[in-house]
Amino acid sequence: MWFDAEANFERFSHPDSIDYYLTKIKSLGFTHAVVDVRPITGEVLFDTEFAPKMREWQGYERKDFDYLGHFIKKAHELGNRSACFSQCICCRS
C-alpha cells in the first residue's frame, strides 16, 4: 500500500493514526507499506542533514516526532515490510 506524503500529511501527524492505518491494511491482506518521504516541496519527512524537514503543509503544522521511524517500527510489529520512497532516494527495512 502506498502512503502519499502530501495527501496524508495531517492524517499521519499522530502516531495513533499511523497505527490505525497500518493495522487496517494488514487486516485487508497487504504485506507491504510504502511511505512517500520526499514530497513535491523538496523537503523530507525524516531527519537528515541533506534536506530540510517538512513541518507544514497547507496551513497545518506537524509536531515533531519520528514519522518514518514510527511507520517502520509499527509495520514490523504487525509483521509487515516497510519501505520509504523518494524521487531520488529509496530505502528498505
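Because the structure is predicted, anything quoted here is derived from the model rather than measured.

Asks: An account of the pattern of salt bridges is requested, with residue identities and associated values reported.
Replies: Counted under the stated rule, the structure contains four salt bridges. Here lysine 74 ties to glutamate 77 by a salt bridge, and the two come within 3.7 Å at their closest N and O atoms. Remark: glutamate 77 and lysine 74 occur in helix H2 (residues 67-77); sequence separation between them is three residues, near one turn of the helix. Linked through salt bridges whose partners overlap, the residues forming this network are Asp47, Lys53, Arg55 and Asp64.

Asks: Now, about the nonpolar core: what can you tell me, with residues and values included?
Replies: Generally speaking, nonpolar side chains in soluble globular proteins are found buried as a group. By size, the foremost hydrophobic cluster in this structure holds 19 residues, and its most contacted members are Phe3, Phe12, Ile18, Leu22, Leu45, Tyr67 and Phe71. Those elements that place two or more of their residues in this core are helix H1 (15-27), strand S2 (32-36) and H2. When residues of this core are assigned to their parent elements, the largest contribution, four residues, is made by H2. Not counting residues up to four positions away in its chain, the partners in contact with isoleucine 18 are Phe12, Phe65, Tyr67, His70 and Phe71.

Asks: Pulling in residues and values, what's your account of the packing of H1 against H2?
Replies: The geometry of H1 relative to H2 is characterised by a closest axis approach of 10 Å and an angle of 35° between their N-to-C directions. In the crossing of H1 with H2, the sense of the turn from one axis to the other is right-handed. Within the contact between the two elements, H1 uses Pro15, Ile18, Asp19, Leu22 and Thr23 and H2 uses Tyr67, His70, Phe71, Lys74 and Ala75.

Asks: Please provide a residue-by-residue account of the packing of aromatic side chains, values included.
Replies: Tallied over the entire structure, the rule returns seven aromatic pairs. The interplanar angle of 90° and the centroid separation of 4.9 Å between the aromatic rings of tyrosine 20 and tyrosine 21 together place this pair among those described as edge-to-face. The interplanar angle of 70° and the centroid separation of 5.3 Å between the aromatic rings of tyrosine 67 and phenylalanine 71 together place this pair among those described as edge-to-face. Of this pair, tyrosine 67 and phenylalanine 71 both sit in helix H2, separated by four residues, roughly a single helical turn. Phenylalanine 71 matches tyrosine 67 in its accessibility class, with the two residues each being buried. By the ring-pair criterion, three or more aromatic residues cluster together here, those being Phe3, Phe12, Tyr20, Tyr21, Tyr67 and Phe71. Seen from the ring of phenylalanine 9, arginine 62 lies directly overhead, with NZ or CZ sitting 4.1 Å from the centre.

Conventions adopted
Within each chain, residue numbers correspond to sequence positions counted from 1 in written order. Owing to the predicted nature of the model, reporting of local features is limited to residues with pLDDT of at least 70; listing and counting of side-chain atom pairs is limited to 80 or more, with chain, interface and lining totals taken over all residues. As a rule here, side-chain values come from all non-hydrogen atoms in the structure, and water together with hydrogens is ignored. We define a salt bridge as a side-chain nitrogen of Lys or Arg found within 4 Å of a carboxyl oxygen belonging to Asp or Glu. By definition, any uninterrupted DSSP run of H or I lasting at least four residues is a helix, any uninterrupted run of E lasting at least two residues is a strand, and each is numbered from the N terminus. Definition of nonpolar core: a set of buried residues of the types Ala, Val, Leu, Ile, Met, Phe, Trp, Tyr and Cys, connected through side-chain atoms within 4.5 Å. Any residue under 20% of the maximum accessible area for its type is buried, any over 50% is exposed, and the rest in between are partly exposed; the area is computed with a 1.4 Å probe on protein chains only. By definition, residues are in contact when any of their heavy atoms lie within 4.5 Å. Every axis corresponds to a line fitted to the C-alpha atoms, with the helix fit spanning only the stretch in contact, and the corresponding angles, defined between N-to-C directions, vary from 0 to 180 degrees. Should the near helix be turned anticlockwise from the far one by less than a right angle, the crossing is left-handed, and should it be turned clockwise, the crossing is right-handed. Stacked, tilted and edge-to-face pairs are distinguished by plane angle, under 30 degrees for stacked and over 60 for edge-to-face with tilted covering the rest, among Phe, Tyr and Trp rings (Trp via its six-membered ring) whose centres lie within 6.5 Å. Lysine and arginine charges are scored as sitting over a ring when NZ or CZ, respectively, is within 6 Å of the ring centre and within 35 degrees of the ring normal.

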